[in-house]
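# Descriptive structure summary
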Amino acid sequence: MTRYSAAHWGVYEVSPGEDGAPLRLSPLRNDPDPNPIGLDQLHDDVARLRIARPAVRKGWLENRARTGRGEEPFVDLPWDEALDIVAAEIARVRRDYGHHAIFGGSYGWASAGRFHHAQSQLHRFYNMLGGYVRSVDSYSLGAGRVLMPHVATSMDDSNLSHTSWDVLESHCQLFVSFGGVPLKNTRVSSSGAGRHRARAGLRRLRQAGARIVNIGPVGDNLGDGDADEWIAIRPNTDTAMMLALAWVVLHDPLFDRRFLDSHTVGFDRFRGYLTGEADGIAKTPDWAQAITGVPAARIAALGRDLLRHRTMLNCAWALQRAAHGEQPFWALVTLAAMVGQIGLPGGGYGLGYGAMNVMGSAHPRVPGPVFPQGNNRVSAFIPCARIADMLLHPGERFTYNGGVHAYPDIRLVHWAGGNPFHHHQDLNRLQRGWARPDTIIVQEPYWTPVARQADIVLPATIALERDDIGFATREGLFVAMRQAVPPSGEARDDHAIFVALGQRLGIEQHFTEGLDTVDWLRRIYAESAEKIAATGLNLPDFDHFWEEGIIDLSAHDRPHVMHADFRRDPVAHPLPTPSGKIEIFSERIAGFDLADCPGHPVWLEPYEWLGHEKAARYPLHLLSDQPERRLHSQLDASPYSRAGKVAGREPVYLHPADAAIRGISDGDVVELFNDRGRCLAGAILSDAIMPGVARLATGAWFDPGPELERHGNPNVLTLDRGASDLSQGCVAQTCLVDARRFEGEPPRVTIFDPPQILPRSVTP
Ligand SMILES: Nc1nc2c(c(=O)[nH]1)N[C@H]1C(S)=C(S)[C@@H](COP(=O)(O)OP(=O)(O)OC[C@H]3O[C@@H](n4cnc5c(=O)[nH]c(N)nc54)[C@H](O)[C@@H]3O)O[C@H]1N2
Ligand SMILES: Nc1nc2c(c(=O)[nH]1)N[C@H]1C(S)=C(S)[C@@H](COP(=O)(O)OP(=O)(O)OC[C@H]3O[C@@H](n4cnc5c(=O)[nH]c(N)nc54)[C@H](O)[C@@H]3O)O[C@H]1N2
Ligand SMILES: [Mo]
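Given the structure is predicted, the values throughout are model-derived calculations rather than measurements.

In the vicinity of ligand 1, 36 residues are found, and the nearest of them are His-423, Glu-444, Asp-494, Ser-633 and Asn-715. Separating an oxygen atom of ligand 1 from a side-chain N or O atom of His-632 is a distance of 2.9 Å. Breaking the shell around ligand 1 down by element, the ones donating at least two residues are helix H17 (420-423) and strand E18 (439-444). The residue makeup of the shell around ligand 1, split by class, is 11 nonpolar, 21 polar and four charged.

Below you can see the structure in the form of structure tokens.
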């Protein structure tokens, strides 16, 4: 009987190793493009970084010292003692300061599995206790999540309703993508990727004769080289190019207002801006050339082609992870509306065909199992990327989606399933904020950077060590994730940790409702099956599912066209915007009266870019994209991730001309630097990156040395500022740096050495 395990990277088959060897993981048999990331989950290089027992930072244990985070050794504690300490600390903070002093935002991907979802467990626990300060939105789509419901539909809906690859193959003639379709990214889906579809999707699109154009600073990030054309563009300037394309479309004899009149609002307000009637500047290809570096003739030619083909306009999420990140999404939708093919097969727009496996799926959209989180009685929240601001500036006001709010004063931080020392920008600044709370509790399987920055570390199990249900909407599978190995060391499930804390704080019954793990799995499965039955699709009962190991929904696949119903009948199928139509001008956003996000798409200068005066000092634009060989910081110690390193560090891609003027050769250790920080990386020279741009993927485990970060974590360089006063999204891609060859013996990377743990006996 085959057993399965679902992971964000894909579904894996689990079988016993031969002759008593450890467990063997192999890709799902019918996965056309398996993702090797997950095969290393049980490798010794990963396993040696597991946290064996609860641990408390020495200075915190001895005298509750806030200083010394990330520097002092930890002390081993038995579970009961550690749990008593954590429960007492939670009780102290809620008694003395209230629940709005507890930060439980706990942003992060954790692992797949619908029940042991670390964040949901933590949120339910604190909700039962009386609430916590939460975080909203995501690092993925900070600007997009806030903007898009005003303009077309929510990002959740958008992600689940992209036109499927099969439809593109049959109908799309011109596929234009800002930011490529990087296959590395498409092999992951939050909550569990199923069969990987984008590689074949792109290949078939190309074989069907579609012309594929990649616009971006990076030339080799579209499929297996499927792009017929690469238009190199300065980072963070795509909005200007989209506006110029819109200008060309507007002046094309084939331009036709009918779709704009019937399905959108506010075009004429935008038109005045586009033509320059409003501000004296016509957004022509010449105008855009000066900003983007793309020749005006090329913009004009592409603009002319848009109306003459069935055209899909796509944009990577990375474009909105930048200053004024709302604008490229809004401009793209506006351009697509002007082209008039939204809702037609193979035409319209895509927001993220290259972001995840789920995009372009034809699998049915059904509601999956959900572990209920309860209600939060604390109203205070932050946009997730404003964590350092919150920690550094309690009481300070911030704007968000039209409202004004204040940062709460946080005394206790509790994190499970995320790595802020991976995901946040300007880590040196985060570290200053991180020094302020009384207590930081982290639940983690591994000695990750955030675990090392905690006061109290509680070891959590990984997915292979527990029973769970794998499911992600439109991934086409339910996966019985049966425990495959015993927990490592004394690791406990996040759920079990919260049950034990609940016992100590008097909410155990509330938290568990008297159910054990298997009871919960049965319950959330049955609830999902009932909802799905209402759509006419019947799942087997739980025992049958658990025995079979997998339910495959692909017999119910259907070609899908985004916004098809809306196009057919916008009155019967309105969009969830105030007008029910696509909002090219948004009265609501205009009403917020924000200088950095007015009522229609506009070009606004990024905080840092190659056209900025700062570029004289820091002439390279740093892109920190998603890593090919891991998910964020997860499994960075694995052989697969380490095989991609250069000189033991994360590779930085540089154009040969930029390398030459700095005396940098392939394989050199280089130092990247700006006013915010310095890090080392290993150079790879490549013609597939435009001059003036450097690319260093995220996720090398943060390894701060006395002088500089040693391992290549780009977030010591990135800027920690909100995308705008509308969204406050993260702006990781807005960052100028310079590079130099590192002379001398580079410092050793030490973050993969397990930390020093003292026995309990050394402390009073
Ligand atoms: N410069 C720059 N920074 C970025 C980005 C960028 O493009 N550029 N991208 C951003 C984006 S889009 C994202 S989504 C974030 C991602 O940031 P995160 O989601 O925080 O990164 P992960 O490394 O996935 O962290 C998940 C952590 O959960 C742990 N974990 C796994 N399973 C379990 C479990 O069952 N229980 C517990 N308790 N823990 C578990 C893992 O060991 C890991 O440490 O990064 C953001 N940061
Ligand atoms: N293997 C792997 N896959 C992943 C992840 C991972 O960690 N590992 N993370 C997942 C997550 S959480 C997310 S949110 C998605 C993110 O999906 P995306 O945000 O789409 O991913 P990125 O790799 O950051 O960026 C995609 C491309 O955008 C380009 N780009 C960056 N800035 C600009 C710009 O200003 N203009 C243009 N035209 N192009 C630009 C980069 O060159 C890059 O190749 O990926 C998911 N997939
Ligand atoms: Mo993300």
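Having put the structure on the table, let's press on.
Quick look at the environment of Arg-258 now. Mapped onto the fold, Arg-258 is located in helix H11 (residues 258-263). Sequence-wise, Arg-258 and Leu-306 are 48 residues apart; in three dimensions their C-alpha atoms are separated by 16 Å. Within the structure, the side chain of Arg-258 is placed 2.6 Å from the side chain of Asp-256, a separation counted as a polar contact.

Residues in close proximity to ligand 2 total 30 residues, the closest being Asn-185, Asn-221, Asn-236, Asp-238 and His-632. The contact in question runs from a nitrogen atom of ligand 2 to an N or O atom on the side chain of Asp-238, over 2.7 Å. Within the contact set of ligand 2, a nitrogen atom lies 2.9 Å away from a backbone nitrogen or oxygen of Pro-627. Relative to its free-state accessible area of 910 Å², ligand 2 is covered by the protein chains to the extent of 98%. Tallied by class, the residues present in the shell around ligand 2 amount to 16 nonpolar, eight polar and six charged. Shared between two domains, the shell around ligand 2 holds at least three residues of each, these being domain 1 (163-360 + 563-592) and domain 2 (613-741).

Examined at the domain level, the chain breaks down into domain 1 (163-360 + 563-592) and domain 2 (613-741). Placing a centre on the C-alpha atoms of domain 1 and another on those of domain 2 gives a separation of 28 Å. Listed as interface residues are 23 residues of domain 1 and, on the opposing side, 22 residues of domain 2. Its largest share of buried area at the contact with domain 2, domain 1 owes to Lys-184, Arg-321 and Glu-326, together 34% of the area lost on that side. In this structure, the connection of domain 1 to domain 2 is made through one salt bridge. Residue Asp-625 pairs with Lys-184 through a salt bridge whose shortest N-O separation is 3.3 Å. Viewed at the interface, domain 2 and domain 1 are joined by 12 residue pairs in polar contact (both at pLDDT 80 or more). Looking at the side of domain 1 that touches domain 2, the elements that each hand over two or more residues are helix H8 (183-186) and helix H25 (587-592). Split by residue class, the side of domain 1 that touches domain 2 holds 12 nonpolar, six polar and five charged.

Right, let's talk about the pattern of salt bridges for a bit. Counted according to the given criterion, the structure contains 60 salt bridges. In this structure, Asp-96 engages Arg-95 in a salt bridge whose closest nitrogen and oxygen atoms are separated by 3.0 Å. We classify Arg-95 as exposed; its relative accessible area is 62%. A salt bridge links Arg-203 to Asp-224, with the nearest nitrogen and oxygen atoms 3.4 Å apart. In this pair, Arg-203 is assigned in helix H9 (residues 198-207) and Asp-224 in the loop between strand E9 (211-215) and strand E10 (229-231), connecting sequence segments 21 residues apart. Counted as one network, the salt bridges with shared partners bring together Asp-33, Arg-187, Arg-199, Arg-203 and Asp-224.

Glancing now at the packing of aromatic side chains. The full count for this structure, using the stated rule, is 33 aromatic pairs. Centroid distance Phe-115 to Trp-520: 6.2 Å. Interplanar angle 25°. Geometry classified as stacked. Here the residue Phe-115 occupies a position in the loop between strand E6 (102-103) and helix H4 (118-129), and Trp-520 occupies one in helix H22 (residues 517-533), the gap between them amounting to 405 residues. Ring centres of Phe-398 and Tyr-407 lie 4.5 Å apart, and the angle between their planes is 20°; this geometry places the pair in the stacked category. Chaining the aromatic ring pairs together yields one cluster made of Phe-471, Phe-478, Tyr-525, Phe-542, Phe-545 and Trp-546. The ring centre of Tyr-607 lies 3.5 Å from the NZ or CZ of Arg-721, which sits over that ring. Above the face of the Phe-673 ring, Arg-740 is positioned so that its terminal group lies 3.8 Å from the ring centre.

About the thresholds
- Residues numbered from 1 in each chain as written.
- Chains lettered and ligands numbered in written order.
- Predicted model: local features only at pLDDT ≥ 70, side-chain atom pairs only at ≥ 80, totals over all residues.
- Heavy atoms only, no water.
- Near = heavy atom within 4 Å.
- Polar contact = N/O pair within 3.5 Å; in protein donor to acceptor, adjacent residues only side chain to side chain.
- Helix = DSSP H or I, 4+ residues; strand = E, 2+ residues; numbered from the N terminus.
- Nonpolar A, V, L, I, M, F, W, Y, C, P; charged D, E, K, R; others polar.
- Areas by Shrake-Rupley, 256 points an atom, 1.4 Å probe, with all protein chains shown as cover.
- Domains from an automatic or database assignment.
- Contact = heavy atoms within 4.5 Å.
- Buried area = accessible area lost by both parts, 1.4 Å probe.
- Salt bridge = Lys/Arg side-chain N within 4 Å of Asp/Glu carboxyl O.
- Buried < 20%, exposed > 50% of the residue type's maximum accessible area, 1.4 Å probe, protein only.
- Phe/Tyr/Trp six-rings, centres within 6.5 Å; stacked < 30°, edge-to-face > 60°.
- Lys NZ or Arg CZ within 6 Å of the ring centre and 35° of its normal.

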